[in-house]
Amino acid sequence: MKRILFAAGMALLLVAAVGAEEIKPAVVFDMGGKFDKSFNEGIYNGVEKFRMETGIEYGEFEVTNEAQREQALRNFARRGYNPIIAVGFGQAPALDKVAAEFPDTSFSIIDMVVDQPNVQSIVFKEHEGSFLVGMIAALASETGKVGFVGGMDIPLIRRFACGYEQGVMFVNSDAQVYQNMTGTTPAAWNDPVKGAELAKSQFDRGADIVFAAAGGTGLGVLQAAADGGKLSIGVDSNQNYLHPGSVLTSMLKRVDVAAYDVFKTAMDDTWEAGIKDLGLAEDGVGWALDENNDSLITDEMAARVEAARAAIVAGEMSVHDYMASNSCAY
Amino acid sequence: MATADAGFGLPRWAVNGLLPLVNLVAAFAVSGIVILILGESPVEAVVALVRGAFGFREAWGYTLYYATNFIFTALAFSIAAHCGLFNIGGEGQGYIGGLGVGLACLYLDVLPFFLLVPVAIVGGALFGAAWAWVPAYLQARRGSHVVITTIMFNFIAATVMVYLLVNVLIEPGQMSPQSRDFAEHARLPAMHDMMGWLGIDFPRTPLNAAFIWALACAGLVWVYVWHTRWGYELRTVGANPDAAVYAGISPARNIVRAMVISGALAGMMGLNEVMGVNQRLLLNFTAGYGFVGIAVSLMGRNHPVGILVASLLFGALYQGGAELAFEMPRVSRELVVVIQGLVIMFVGALEFLFLPAFRPWLQKRRQAASAAAAAAEQE
């Protein structure tokens with residue numbers, strides 16, 4: 001009996017030892033850098049949260065030119081880092097090569113799909129979250145005219161715009177949606193002055209609410225709305241606190257949760273390759289309600305939006321995805 | 001060499017070897033203080049930097065890849081400098097040169113590999129040269145200063161590339177503005193492939209055949225500037241345009257000639273990046289190499305041999321700096337730029353900072369040497 005107990009104890013110890021095996025995670029930020037107040041910073045917040053909770057240090061690198069993307073991924077993989085997060089669609093070609101070279105390393109890429117057996121592609125259903133904030137905009141608008149300011153004109157941002165437009169039309173089919181993109185190059189992610197100008201021009205045309213899906217450019221949009229006594233909608237992280245009373249809500253895209261989950265699932269040994277498409281049902285996207293905007297959101301508005309949310313989650317209603325057809329015909 | 005005359009009659013080895021070395025040490029010393037303030041060990045940082053740049057074969061690959069870009073842009077700067085021109089437009093000329101290379105690879109890829117490579121080289125050279133020709137003409141015939149015009153042409157180049165990539169060359173369905181990948185045979189062979197043909201195992205790096213072409217270009221520049229009539233004319237104009245006119249040499253013609261060659265060489269940087277590394281056209285592949293080339297050329301005293309050495313140093317700083325940021329979490333990419341900036345400042349801008357400290361010693365040495373020679377003659 002004693003022997004059996006001893007054996008069982010040893011086995012338990014072994015299991016515990018395996019379970020507590022420390023992972024060595026790493027993250028490769030994109031050119032924006034980890035303090036871009038937007039997408040990269042969301043990832044940074046997620047992995048920092050993981051570090052605070054578990055005490056596990058992670059490797060990190062911010063690329064400064066094209067060649068470094070591949071180099072950084074390969075460097076981490078060769079040094080035994082696992083899992084490795086590649087941030088942003090720009091890293092897809094580099095990851096495609098490196099993932100093939102290191103089949104035993106787990107890679108996760110955010111905002112893009114890379115088809116490799118050891119890659120987890122995390123993408124978001126931005127159109128679903130945008131649909132809900134579009135509804136909120138239409139419900140709050142007095143003029144029946146709302147605006148959208150995008151960052152760089154790429155299919156991903158048009159997906160935001162298309163979902164938003166559908167949400168607005170769902171509430172008020174007579175509404176008008178003004179759309180502007182800030183630019184066509186990566187510089188469009190960080191041009192708050194131009195963002196503010198675009199927002200002002202939309203206000204001049206009668207819009208009273210504007211949704212910014214434009215990274216750092218969006219800060220200018222929010223500022224312009226606050227200055228002009230209009231309402232704005234933030235994006236990616238909860239930006240309600242930036243101008244309390246002026247930011248109507250924020251379309252949440254939980255890249256921080258996604259990044260945290262990559263490390264967490266790797267630690268629990270539940271990390272899986274394949275495509276993770278995070279929508280409303282997975283809480284990957286959503287809308288923000290907190291003490292900064294609860295005076296702007298009436299109970300009736302919240303109820304209608306939550307009903308639509310439940311319908312989408314239940315599959316009773318679907319939002320057209322721009323990227324499925326490369327057009328916004330719904 | 002025009003700049004060697006600024007050595008105040010000191011021996012060449014002191015001006016070209018000793019002073020840059022002392023400046024380099026000083027730059028590292030100041031960087032060390034910064035690293036110390038951040039709470040990391042400067043000695044470990046230097047070890048990580050040097051090991052990261054030269055410690056293993058992959059490091060060599062990356063170091064030489066960066067060096068390839070610097071060799072081209074520094075040679076471009078130097079040839080204009082010998083004609084007395086400060087070509088600050090290497091960035092734009094390299095950008096447009098890359099466009100020439102890219103267009104050849106995208107639209108002439110019916111050609112077989114061995115024809116496509118020279119065509120792409122000529123394409124890059126022509127586009128780069130054409131971009132330099134306009135400022136050259138304005139300088140030579142209209143007196144518009146080439147520093148101003150070449151800077152402005154950098155911006156025009158960037159805008160033209162954005163327009164073309166966003167509206168014309170973009171691969172449909174792409175998120176970022178970039179062209180389709182070149183066909184397999186429309187790429188320069190990478191070093192790991194070439195070494196593989198020789199049976200040598202070499203890790204995957206961006207280093208490619210453009211490096212060999214860079215070395216060849218350094219040789220060609222040396223022959224052109226010091227061993228041809230055109231080179232002699234070019235240096236004469238650079239040294240004294242009035243004397244050149246008196247000697248029957250046209251400064252205008254030589255200014256245009258020097259700038260066109262300069263632009264063609266800068267365009268070769270596009271060859272390395274577009275055809276060698278990225279194998280597609282994309283935005284911002286120049287990444288500041290055109291500007292760093294100016295510092296590299298100044299440090300190399302505008303001489304091909306000096307440029308090769310200085311390019312290796314800057315390649316090592318780029319690659320070693322990336323490894324340093326890897327090894328030491330507290331060393332951010334911004335600090336790596338600080339170190340690079342300090343090296344440029346000490347070696348380029350404060351070139352003769354330590355000259356007064358060395359001059360008495362060097363002069364004494366020379367006097368002693370000549371005294372000894374005189375004594376030997378008397379015997």
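Residues numbered from 1 in each chain as written. Chains lettered and ligands numbered in written order. Predicted model: local features only at pLDDT ≥ 70, side-chain atom pairs only at ≥ 80, totals over all residues.

J.: A description of the sheet that holds strand β7 (residues 176-183) of chain A should follow, citing residues and the corresponding values.
T.: Residue and element names in this part refer to chain A. Strand order in the open sheet made by the six strands is β7-β6-β8-β9-β10-β12, with mixed pairing throughout. Lying at the two open borders of the sheet, with one neighbouring strand each, are β7 and β12 (285-287). Across the sheet, the mean angle separating the axes of adjacent strands is 15° when strand polarity is ignored. Note that strand β6 (residues 145-152) and β7 share seven bridges and pair parallel. Residue pairing for β7: Val149 is matched across the bridge by Asn180. Across the sheet, helix α5 (residues 126-140) is in contact with β6, β8 (209-213), β9 (231-236), β10 (247-253) and β12; its angle to β10 comes to roughly 170°. (Pairing = 2+ DSSP bridges. Helix = DSSP H or I, 4+ residues; strand = E, 2+ residues; numbered from the N terminus. Axes fitted to C-alpha atoms, helices over the stretch in contact; angles between N-to-C directions. Contact = placed C-beta atoms within 7 Å.)

J.: An account of helix α7 (residues 192-204) of chain A is needed here, citing residue identities and associated values.
T.: Residue and element names in this part refer to chain A. Its 13 residues place the ends of α7 18 Å apart at the C-alpha level, agreeing with the 18 Å of an ideal helix rising 1.5 Å per residue. Buried residues of α7: Pro192, Gly195, Ala196, Leu198, Ala199, Gln202 and Phe203, and no others. Angular distribution of buried residues about the axis of α7 spans 165°; they occupy a single face of the element. Turned more than 90 degrees from where α7 packs its buried face, Val193 and Asp204 sit exposed. On its buried face, α7 sits against β6, β7, β8 and α8 (217-227). (Expected span 1.5 Å × (residues − 1). Buried ≥ 20, exposed ≤ 12 C-beta atoms within 10 Å, placed from the backbone. Arc of directions from axis to C-beta.)

J.: Describe the nonpolar core, listing the residues and the values that go with them.
T.: Proteins that are soluble and globular tend to have nonpolar side chains buried together. Of all hydrophobic cores here, the largest spans 213 residues; its most connected members are A:Val28 and A:Leu95. Excluding residues within four positions of it along the chain, A:Val28 makes contact with A:Phe61, A:Val63, A:Ala72, A:Leu73, A:Ile84, A:Ile85, A:Ala86, A:Val87 and A:Gln91. (Core = buried A, V, L, I, M, F, W, Y, C linked by C-beta atoms within 7 Å.)

J.: Before we move on, can you summarise the domain arrangement of chain B with the specific residues and values?
T.: What the domain assignment reports for chain B is domain 1 (1-40 + 332-366) and domain 2 (69-304). Averaged C-alpha coordinates put domain 1 of chain B and domain 2 of chain B at centres separated by 29 Å. (Domains from an automatic or database assignment.)

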